[in-house]
Amino acid sequence: MSYPTLAPYIRKSPFLTRILKPIANVVANASGYRQLGLRYDDIIQEESETVQEALKRLPIHEDNYRTVRIRNAYQLSLQHHILPKEQWTKPEEDVRYLSPIIDEVVAEEAEREAFDAMKIIKK
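Residues numbered from 1 in each chain as written. Predicted model: local features only at pLDDT ≥ 70, side-chain atom pairs only at ≥ 80, totals over all residues. Heavy atoms only, no water.

Engineer: Even after reading the chapter, I still don't get a nonpolar patch on the surface, so can you show me in this structure?
Structural biologist: On the surface, a cluster of nonpolar side chains totalling about 450 Å² of accessible area is made up of Phe 15, Ile 19, Leu 20, Ile 23 and Val 27. Checked against the element boundaries, Leu 20 lands in helix H2 (residues 14-31). (Patch = residues over 30% accessible without salt bridge, like charges linked within 9 Å, V, L, I, M, F, W, Y side chains within 5 Å. Areas by Shrake-Rupley, 256 points an atom, 1.4 Å probe, with all protein chains shown as cover. Salt bridge = Lys/Arg side-chain N within 4 Å of Asp/Glu carboxyl O. Helix = DSSP H or I, 4+ residues; strand = E, 2+ residues; numbered from the N terminus.)

Engineer: Hey, could you run me through the nonpolar core in this one?
Structural biologist: A general feature of soluble globular proteins is that nonpolar side chains tend to end up buried together. By size, the foremost hydrophobic cluster in this structure holds 10 residues: Ile 44, Val 51, Ala 54, Leu 55, Leu 58, Tyr 97, Leu 98, Ile 101, Ile 102 and Val 105. For this core, the secondary structure elements donating two or more residues are helix H3 (49-57) and helix H5 (99-116). (Core = buried A, V, L, I, M, F, W, Y, C linked by side-chain atoms within 4.5 Å. Buried < 20%, exposed > 50% of the residue type's maximum accessible area, 1.4 Å probe, protein only.)

Engineer: Would you take a moment to explain the pattern of salt bridges for this structure?
Structural biologist: Oppositely charged side chains may form a pair once their charged atoms are brought near each other. For the structure shown, the criterion picks out 9 salt bridges. Linking Glu 62 and Arg 39 is a salt bridge whose minimum nitrogen-to-oxygen distance equals 3.4 Å. With Glu 62 in helix H4 (residues 60-79) and Arg 39 in the loop between H2 and H3, this residue pair connects regions lying 23 residues apart in the sequence. Overall, the relative accessible area of 14% leaves Glu 62 in the buried class. In this structure, the salt-bridge partner of Arg 69 is Glu 62, at a minimum N-O distance of 3.7 Å. Judged by relative accessible area, which is 13%, Arg 69 ranks as buried. A network of salt bridges, in which partner residues are shared, links Arg 39, Asp 42, Glu 46, Glu 62, Arg 66 and Arg 69.

Engineer: It is not clear to me how the layout of surface pockets should be interpreted in this structure. Could you clarify?
Structural biologist: The probe, sized like a water molecule, is rolled over the atoms to show the empty space still left. In this structure, the largest pocket spans a volume of roughly 1200 Å³. Taken together, 27 residues make up the lining of the largest pocket; nearest its centre are Ala 7, Arg 11, Ala 24, Tyr 40 and Arg 96. The element contributing the most residues to the lining of the largest pocket is H2, with 10 residues. Classifying every residue of the lining of the largest pocket by side-chain character gives 16 nonpolar, 5 polar and 6 charged. The space that makes up the second largest pocket amounts to roughly 170 Å³. Considering only residue class, the lining of the second largest pocket consists of 5 nonpolar, 3 polar and 2 charged. (1 Å grid on protein atoms, 1.4 Å probe; cavity = no way out; pocket = protein on both sides within 12 Å on 5 of 7 lines; lining within 4 Å. Points joined across faces, edges and corners; volume = space filled by probe spheres on them. Nonpolar A, V, L, I, M, F, W, Y, C, P; charged D, E, K, R; others polar.)

Engineer: Help me out: how do you make sense of the side chain of Arg 69 in this one?
Structural biologist: Summarising the element assignment, Arg 69 is placed in helix H4. For Arg 69, the side chain forms a polar contact with the side chain of Asp 42, separated by 2.6 Å. Those residues in contact with Arg 69 that lie beyond four places of it in its chain are Gly 37, Leu 38, Arg 39, Asp 42, Glu 62 and Tyr 97. (Polar contact = N/O pair within 3.5 Å; in protein donor to acceptor, adjacent residues only side chain to side chain. Contact = heavy atoms within 4.5 Å.)

Engineer: I would appreciate a short explanation of the packing of aromatic side chains in the present structure.
Structural biologist: Each aromatic ring pair is described using two quantities: the centre-to-centre distance and the angle formed by the ring planes. Scanning the entire structure with this criterion turns up 1 aromatic pair. Consider the rings of Tyr 33 and Tyr 40, whose centres lie 6.3 Å apart with planes at 65°: the pair is edge-to-face. (Phe/Tyr/Trp six-rings, centres within 6.5 Å; stacked < 30°, edge-to-face > 60°.)

Engineer: Can you help me understand H4 in this one?
Structural biologist: Each turn of an α-helix holds 3.6 residues, which means side chains three or four residues apart point in the same direction. Here H4 spans 29 Å end to end across 20 residues, near enough to the 28 Å set by a 1.5 Å rise per residue. Considered for burial, the residues of H4 that qualify are Glu 62, Arg 66, Arg 69, Ala 73 and Leu 76. One side of H4 carries all its buried residues, which in axial view fall inside an arc of 95°. Away from the buried face of H4 by more than 90 degrees, exposed residues Ile 60, Arg 71, Tyr 74 and Leu 78 are located. Looking at the buried positions of H4, the neighbouring elements they touch are H3. The first or second residue beyond H4 is His 80, which carries a positive phi of 60°. (Expected span 1.5 Å × (residues − 1). Arc of directions from axis to C-beta.)

These values are about where atoms sit, not about what they do.
Below, the structure is given as structure tokens:
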């Protein structure tokens with residue numbers, strides 16, 4: 001998950017935020033996950049050990065909501081339907097609930113590797 005990003009710079013600049021926010025919403029709506037009632041963090045691939053650990057730390061109620069959203073989206077996909085427009089996930093509802101936990105796990109893994117690689121020198 002360590003990739004270069006301009007997000008902090010864009011968030012600090014009101015001008016860039018005003019320009020890029022509508023474009024980001026158009027791209028998110030075009031991807032189709034909101035039309036199935038999903039959130040952005042619902043479509044993160046679960047094969048990574050980091051994401052698996054983050055899912056274990058997810059509060060039980062949020063995990064239950066996530067499971068229901070994914071099952072409903074899968075059923076809609078099988079039927080080749082989308083939700084009615086009023087049931088789509090709205091941009092203000094599309095909050096990151098798993099990404100902060102993933103960042104936490106990545107930081108812990110980096111710290112663990114730093115301590116594992118430490119050399120102890122006896123004096």
